[in-house]
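# A look at the structure
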Amino acid sequence: MPVSAPAAAGDPFATLPDELRALLRAESVPRRVEPMAAVLVHEPFSEPGWLFERKLDGIRCIALRDGDRVRLRSRNDLPLDGRFPGIAAALATAAAPRCALDGEIVAFDGARTSFERLQSRGGRPARAFLYVFDVLHLAGRDTTALPLRARKRLLRAAVAPGGPIRTTPHRTGDGAALLADACRRGWEGLIAKRPDAPYAHGRSADWRKLKCSAEQELVVGGYTAPRGSRTDLGALLLGYHEGGRLRYAGKVGTGFTRAALRDLAARLGPLRTGASPFADPVREAGATWVEPRLVAQVAFTEWTRDGRLRHPRFLGLRDDTPAAKVVRE
DNA sequence: TTCCGACAGTGGGGTCGCAAT
DNA sequence: ATTGCGACCCCACTATCGGAA
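Residues numbered from 1 in each chain as written. Chains lettered and ligands numbered in written order. Predicted model: local features only at pLDDT ≥ 70, side-chain atom pairs only at ≥ 80, totals over all residues. Heavy atoms only, no water.

## Side note on the pairing of strand S5 (residues 69–73)
- Where burial is concerned, most of S5 is hidden: four out of the five residues are buried.
- In this structure, strand S4 (residues 59–66) lies alongside S5, joined through five bridges in antiparallel fashion. Along S5, the bridge assignment pairs Ala63 with Leu72.
- Counted along the chain from S4 to the antiparallel partner S5, the turn is two residues long, and its residue Gly67 has a positive phi close to 65°. (Buried < 20%, exposed > 50% of the residue type's maximum accessible area, 1.4 Å probe, protein only. Helix = DSSP H or I, 4+ residues; strand = E, 2+ residues; numbered from the N terminus. Pairing = 2+ DSSP bridges.)

Dropping the structure here:
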């Protein structure tokens, strides 16, 4: 039998000090794991002691191996094995015989991770990798009570990187400087982790998410109707000028307070017009069109390949920019 | 008393599968 | 064949409420 993770032989916990060994609880490989989640922070911080990993833009994956059986689960405990058979197969030898790993499945577009590549449009599968960054169970022991640093050490014993399986490097240092560096490289952001914290199931302030996001001014060309408890409007339909035409850029439906919604509705009402101002077809039944005069400042993560904003949120209206000057940056 | 964290609810792009047209 | 819808994946954000401080 070809092998395999170093953990296959010997006691993987041999190097742990006694007080940490006392935290290990005996149990079988868990049936389901709720992955630990980070809290989003907007201000870069420089508190010492944190550990930083690249934020990978892919699909969260809990990988469970129990002997011959390997399972890949999504954040909501749905099976991912069928979508990523190569990763599952690789783990059958690369992972320790009984373990639970936490990681992210990603695909690359050049040097950057691309969520869209992962979404297998048209059936052509992208080459996918599993970046493991944590170990929750190993050799019959629940390791979640251990501090992150100890789990990182055990991770080296729990998985042997190679092929589609990779480990996630981490760094320590000044958070603000590391984030600036990450954004320069075109990364999505960073995950900051407290090295002395145990693994929590669900959201925890011991992990922080720092994002590199883009901003851009866009023209408001219409809006959708509110639903449920929403008041005034649902989302703004946005565009930018290109070659004398108004190109459609997608919608933004979050980021406004109730007061902002009321204000927007009041300002958009008088601009109402019968037809769409966009040069592109906008499939939006029941939209209200307006003359493209208002300019909104919008933050988002990136442009999708269809020319839409990804993860857009409304920041405010700009009265200082003429709508005619708004172009895609 | 005030403040904070967790949750529900509303909004986004994209893909897939299925039912209705 | 096309369209619409919901369920997934990835999310951001506001408003609310109960418990902590």
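## Considerations on the protein's contact with DNA strand C
- Around DNA strand C, a shell composed of 23 residues is seen, among which Ser74, Asn76, Lys211, Arg258 and Arg313 lie nearest.
- Take the atoms of DNA strand C that sit within 4 Å of the protein: sugar and phosphate atoms are 91% of them.
- Arg75 places a side-chain nitrogen or oxygen 3.4 Å from a phosphate oxygen of DNA strand C.
- Within the side chain of His311, a nitrogen or oxygen atom sits 3.1 Å from a base oxygen of DNA strand C. (Near = heavy atom within 4 Å. Polar contact = N/O pair within 3.5 Å; in protein donor to acceptor, adjacent residues only side chain to side chain.)

## A closer look at the pattern of salt bridges
- Within this structure, the stated rule accounts for 23 salt bridges.
- A salt bridge links Glu242 to Arg247; its shortest N-O distance comes to 2.7 Å.
- On the basis of relative accessible area, Arg247 is assigned to the partly exposed category, the value being 21%.
- The salt bridge partner of Glu291 is Arg293, with a shortest N-O separation of 2.7 Å.
- Accessibility expressed as a relative area gives 35% for Glu291, which makes it partly exposed.
- Each of the salt bridges in this network shares a partner with another, and the network as a whole consists of Arg171, Asp181, Arg184 and Arg185. (Salt bridge = Lys/Arg side-chain N within 4 Å of Asp/Glu carboxyl O.)

## With respect to the packing of aromatic side chains
- Within the structure shown, the criterion is met by eleven aromatic pairs.
- Ring geometry for Phe133 and Trp207: centres 6.2 Å apart, planes at 75°, overall edge-to-face. With a gap of 74 residues between them, Phe133 in strand S8 (residues 128–138) and Trp207 in strand S13 (residues 202–211) connect regions that are remote in the sequence. Comparing Phe133 with Trp207 shows no difference in burial state: the two are buried.
- Ring geometry for Phe300 against Trp303: centres 5.5 Å apart, planes inclined by 70°, an arrangement best described as edge-to-face.
- What links up through ring pairs into an aromatic cluster is the set Phe45, Trp50 and Phe52.
- Directly above the ring of Trp207 sits Lys193, whose terminal nitrogen or CZ lies 3.8 Å from the centroid.
- The positively charged end of Arg208 is found above the aromatic ring belonging to Phe45, 4.4 Å away from the centroid. (Phe/Tyr/Trp six-rings, centres within 6.5 Å; stacked < 30°, edge-to-face > 60°. Lys NZ or Arg CZ within 6 Å of the ring centre and 35° of its normal.)

## Examining unusual backbone geometry
- The phi dihedral of Ala139 falls on the positive side, at around 50°, and the residue is not glycine.
- Relative to the helices and strands, Ala139 is located in the loop between S8 and strand S9 (141–142).
- Residue classification places Ala139 among the partly exposed residues on the basis of a relative accessible area of 36%.
- With a phi angle near 70°, Asp232 is a residue other than glycine that sits in the positive phi range.
- Considering the arrangement of structural elements, one finds Asp232 in the loop between strand S14 (214–223) and strand S15 (236–242).

## Some points on the side chain of Asp280
- Mapped onto the fold, Asp280 is located in the loop between strand S17 (272–273) and strand S18 (288–290).
- The class of Asp280 is buried, set by a relative accessible area of 19%.
- One polar contact links Asp280 to Arg247, side chain to side chain, over a distance of 2.9 Å.
- Filtering out sequence-adjacent residues up to four positions away, Asp280 remains in contact with Leu246, Arg247 and Tyr248. (Contact = heavy atoms within 4.5 Å.)

## Describing the nonpolar core
- Ranked by internal contacts, the top residues of the largest apolar core, which has 35 residues, are Leu72, Phe84, Ile87, Leu91, Leu101, Ile105 and Leu130.
- When near neighbours in sequence (up to four residues on either side) are disregarded, Ile105 contacts Gly58, Ile59, Cys61, Leu80, Phe84, Ile87, Leu118, Ala128, Phe129 and Leu130. (Core = buried A, V, L, I, M, F, W, Y, C linked by side-chain atoms within 4.5 Å.)

## Structural notes on the domain arrangement of chain A
- What the domain assignment lists for chain A is domain 1 (34–211) and domain 2 (214–325).
- Between the C-alpha centres of domain 1 and domain 2 the distance comes to 35 Å.
- With five residues of domain 1 in contact, the opposing surface of domain 2 contributes seven residues.
- When the two sides are added together, the surface that domain 1 and domain 2 hide from each other amounts to roughly 620 Å², 29% of it contributed by carbon and sulfur.
- Linking domain 1 with domain 2 are one salt bridge, by the criterion used here.
- The closest approach of N and O atoms between Asp57 and Arg310, which form a salt bridge, is 3.1 Å.
- Across the contact surface, domain 1 and domain 2 share one residue pair in polar contact (both at pLDDT 80 or more).
- For the side of domain 1 that touches domain 2, the per-class residue count stands at one nonpolar, no polar and four charged. (Domains from an automatic or database assignment. Buried area = accessible area lost by both parts, 1.4 Å probe. Nonpolar A, V, L, I, M, F, W, Y, C, P; charged D, E, K, R; others polar.)

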